[in-house]
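Tertiary structure, described
Single-letter residue listing:
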Amino acid sequence: MKKELVKLIDLSRCTACRGCQVACKQWNELPAKRTRNLGSYQNPPDLQWNTWTLIRFQEHEKKDGKVNWLFRKDGCMHCTDAACIKVCPTGALYHTEFGSVSMHADKCIGCKACITACPFSVPKYDPETNKIAKCDLCYTRLQVNQPPACVLSCPTGALQIGAKDAMIKKAYARAAELGGDANVYGDKFVNGTHVVYVLPERADVYDHLPVDPKVPLEMIIWKDVLKPAALLTAGAVVAGCFLHYITHGPKTPDDETTCEGGNKS
Amino acid sequence: MTNHYIDLKNSDCILIMGSNAAENHPIAFKWILRAKDRGAKIIHVDPRYTRTSARCDYHVPLRSGTDIAFLGGMIKHIIDNNMIQEEYVKYYTNASQIVNPDFSFKDGLFSGYNAEKRSYKKDTWTTMKDEAGIPIRDYTLQDPHCVYQMLKKHYDRYTLDMVSSITGVSKEDLLLVYNEYGATGAKDKAGTECYALGWTHHTVGSQNIRAMSIIQLLLGNMGVCGGGINALRGEPNVQGSTDHAILYNILPGYLKMPSGPVDTLAKYIEKYTPKSTDPQSVNWYQNYPKYTVSFLKAIWGDKATAENEFGYSWLPKLDDGKHYSILHTYDAMYAGKIKGFFAYGSNVAVSSPNSTKVRRSLEKLKWMVNVNIFDNETASFWKAPGVDSNAIDTEVFLLPAAASMEKEGSQSNSGRLVQWRYKAANPPGDAWADGDITMKLMDTLRELYKKEGGAFPEQILNLKWDYRDASGKFDALKVSKQINGHYTQDVTIIDPVTGAKEENKKGETVPTFAKLMADGSTSSGNWVMAGSFDQKGLNKMAKRGKEDPTGLGLYPEWAFAWPLNRRIIYNRASCDLEGKPYNPNMKLLEWVGDKWVGDVPDGPAPPMANKEKGKMPFIMKVDGVGAIFGPGMVEGPFPEHYEPLEGPLAKNLMSGQSLNPAVTPFKSDLDKVANADSKYPFVCTTYSATEHWCSGFTRWQPWLLEMMPEAYLEIGEKLAKSLGIKNGETIKVASIRGELKCVAMVTKRLVPFQIDGKTVHEVGMPFNYGWRFPEDATDASANYLTPSIGCPNTFCPEYKAFMVNVSKA
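Since the structure is predicted, the reported quantities are computational estimates derived from the model, not experimental observations.

With respect to the sheet that holds strand β16 (residues 417-421) of chain B
All names here are of chain B. With respect to topology, three strands assemble into an open sheet ordered β15-β16-β21, the strand pairing being antiparallel. A single partner strand is all that each edge strand has here, and the edge strands are β15 (409-412) and β21 (560-561). In terms of strand pairing, β16 meets β21 through two bridges, oriented antiparallel. Counted as the bridge partner of V418 is F560 from β21.

Structure follows, in structure tokens:
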């Protein structure tokens, strides 16, 4: 791995100006859709194929009865144990050298398996192209040593990107500085995410934020047990064929399908 | 701003009141967060809990239009608890001066009031002087007629109970803010105030700011790092437009607009040049004649001569006592007295108050020109929903303009920092830069005048008008140099002490306003900008040095700040009488040996302890000190709480005067008022959202529209519940002047107030919307609701406090 990066989102500095939301659309050339005001500043109401990052607005009543307006920049967490990659049948989703999760759009077949698998409900389906879409941490920018568009646009320093260890250290220092319920979110599950939050409130206070995100068990069984086992089986079959070739000479047209079983599983 | 954006980081306590800084100044807000990182307390006092409140240590809700009551209570608290910076108050303010014994205040009125004219004669609003003309002072601050004691007496009525009852702020919250902010009275602490349209948009707008100025002087917070009174200007160049005389009553550089009776240059100079015999007062405005004549030379060039009073008679004159604000303009237009109208870079049908009156006024015009980057509700007022186009004769011209990034020029930010900006792209299609439009218009007018003549030909034909570049386009650099000023002839100056000779050549740019003269040998279109070029013509506004020698964020080599690259004005007040900084950790200035070291000082004179040559720090004031007693205002030398034109109370709890006594309401049939009217029971305020720009040309930007797609009214949960209104449903909002339909945004962020023992609800909506775009938009401009009335000092409209009803649609 070239250089594992982490994007740090310090929500204690976020003013919900939504510069990041627009910068993301601008850099990634994502169109706007006509929306309605549904009684909230949050718009569009959720992540969608043309909205890869979104500020969530949440009115939270504190213990003393006073309101606390919470802002959370939502988007792909870029997991190390990425359920989307595990479940993707075509290899469209993959880890980059930065640890982020990127996508070969041409390989996506629109099966939506990643949508079901993602513990953060991030990938979104575009029916027009029959493909999913999500944040790729501005992979093309990272490749030329530029920060993601959202980070570049952030006026307050709520968004930063840097070497994984340094960012995590920074996150803990900031949470300690803030005190109270402030905590770091992202480094302790799915083998660590490449987006890490400093949350001023406990994780369970935030809407749409899983407290203990996991790669679904069936994905682990599929990707980490069954699929390797299947590949192993396939490999054994190939080896068997080769041995058969060595011992029995070239196959005849009648034997056409015998070597492909493993790959079709 | 008396200070500058970066300096916000140096503050120990930031009071954001009258501003929604995080939403309307999102980039600048980072400096506030830097202060917070240093341990500063950030306080937001605002009717609504906003994105700003979310990042502050405290949000304290107060009823719209009651800021003076809140601040008056703070003045009382500071005095009662002796939280003042005593040395500063004694020597750097007029607290020690003795007020005219005939000055009085009773039941909301100061002495000299004329009820019929709704204005004051100010002859008793004075302080006493000795035979030599020097102010009489009592440095013990004990004389019952000294400003300090008068101030104490005036605000004695602003008790916690009274203030709480008017503002709806709990006594606990009042004490919390008063104590936090009052603590900045310590010599080594600084508190700053960030305000914006939340303070100016009231019938007491200017006095809101005056009240805070008094607090800042009491606490020794003016002229210091992390202090000051800081107006966060609402668009990138609004400071520039103010400096260059956007208002009808000033000329560029805040020179006064002459009125009819002041019909000679001599009279004008006599009237506006202040005189002081106090040897310790710099009285900088004694240079007023130099700035006036240099301005006239810039306007009329060689045509301005001593013989013709430098063309003074060609300047337009205001009718004495008459006002020409936008409010007065629409009133006259509605009365059919105005034929033509330039709505230049504006969308007045959405942005001006009382939209019905504005739109009906436009119908009375013969012609209107709108210069804009998109069509808007103003240019298309004649085809608005419900308007009978056939009944309107107004001929409308919509000229496509270049956007800000499509032209070169200077841009002044709130901190008086004037930065040169280059053109990024050519304007599309037929769009022109404003400068080119103006040049073309004036060229055509001049041709017509030459051919056909016309009224006041001297003004048009004598104008110095050579601002084109080689290709015939408007040349922003030429105009900027003209604003800076030139030597109009060879000038040799011989130093009276050293005998050194200084040769200045005709045509060279003037390097500082200290070189401007009243004899016609210099020109300057705006004296505060003199020094934006050096004598060789180097454009200092384009400088991009990143050095910060003081470590205080002054960045003196980055662009140019007026005046004279001074980053914090009145900076000599940051030091004691000996010239030592009050806060040794923030050495903005220090008197070392025989000179000031640090920021560009407010003049080279030694500090006040030097009885022979020392000067007082407030050099722009005639008496050299900060004005706690401020007779310059039209409604009184001490700010007093008056109710908005429309409020929930039938009677002002402070006095028998409900509305600001110096305000004269308009009388047209569309200027209806509903004060304390049960049909309109809710306080309403208006504002702009982060995602949109003022009257909303950003609605044409799909990404921004997607985030904030349509008009909404923010309404508290309790009120919504009592009205049976659900979040997201369409509702009707009505004032006595107009009504509209929009989306209800039911929120926990608006809470009811307890006012005079009764529950009062406040609602609010953004003014960014109109029918013209997007295509499916409704005619939901918030200014249908607002009244045509404003502060009598500036006529800034009262957009921030009026009464409405809300119901299910």
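So, the interface of chain A and chain B
Of the residues lining the interface, 28 residues belong to chain A; the matching set on chain B comes to 30 residues. Among the secondary structure elements, those contributing two or more residues to the side of chain A that touches chain B are α1 (19-28), β2 (54-61) and β3 (67-74) of chain A. The element best represented in the side of chain A that touches chain B is α1 of chain A, accounting for four residues. Partitioned by chemical class, the residues of the side of chain A that touches chain B number ten nonpolar, ten polar and eight charged.

A short note on the domain arrangement of chain B
Residues and elements named next belong to chain B. With domains assigned, chain B is organised as domain 1 (5-234) and domain 2 (682-808). For domain 1 versus domain 2, the separation of C-alpha centres amounts to 29 Å. Across the contact, 21 residues belong to domain 1 and 28 residues belong to domain 2. Every element with two or more residues in the side of domain 1 that touches domain 2 is listed here: α1 (21-24), α9 (197-200) and α10 (205-218). The residue inventory of the side of domain 1 that touches domain 2, partitioned by class, reads five nonpolar, 13 polar and three charged.

A closer look at the sheet that holds strand β9 (residues 183-185) of chain A
All names here are of chain A. Read from one edge of the open sheet, four strands run β8-β1-β10-β9, paired in mixed fashion. For this open sheet the edge positions go to β8 (159-163) and β9, each flanked by a neighbour on one side alone. When the angles between neighbouring strand axes are averaged without regard to direction, this sheet yields 25°. When strand β1 (residues 5-10) meets β8, the two strands line up antiparallel, connected through five bridges. Across the sheet, I9 pairs through a bridge with L159, a residue of β8. Of the strands in this sheet, β1, β8, β9 and β10 (195-199) touch helix α6 (residues 164-178), which is tilted by about 20° from β1.

Regarding the pairing of strand β25 (residues 712-716) of chain B
Residues and elements named next belong to chain B. In terms of burial, β25 is largely enclosed, as five of its five residues are buried. Side-chain alternation along β25 places Y712, E714 and G716 on one buried face and L713 and I715 on a second face that is also buried. Summarising the sheet, β25 and strand β27 (residues 739-747) pair through five bridges and their orientation is parallel. Bridge assignment links G716 to a residue of β27, and that residue is T747.

Overview of the environment of W69 of chain A
Inspection of the secondary structure puts W69 of chain A in strand β3. The spatial distance from the C-alpha of W69 of chain A to the C-alpha of I221 of chain A is 40 Å, given a sequence separation of 152 residues. With near-sequence residues (within four places) excluded, W69 of chain A lies in contact with F57 and E59 of chain A together with Y49, A54 and R749 of chain B.

Criteria and cut-off values
Residues numbered from 1 in each chain as written. Chains lettered and ligands numbered in written order. Predicted model: local features only at pLDDT ≥ 70, side-chain atom pairs only at ≥ 80, totals over all residues. Pairing = 2+ DSSP bridges. Helix = DSSP H or I, 4+ residues; strand = E, 2+ residues; numbered from the N terminus. Contact = placed C-beta atoms within 7 Å. Nonpolar A, V, L, I, M, F, W, Y, C, P; charged D, E, K, R; others polar. Domains from an automatic or database assignment. Axes fitted to C-alpha atoms, helices over the stretch in contact; angles between N-to-C directions. Buried ≥ 20, exposed ≤ 12 C-beta atoms within 10 Å, placed from the backbone.

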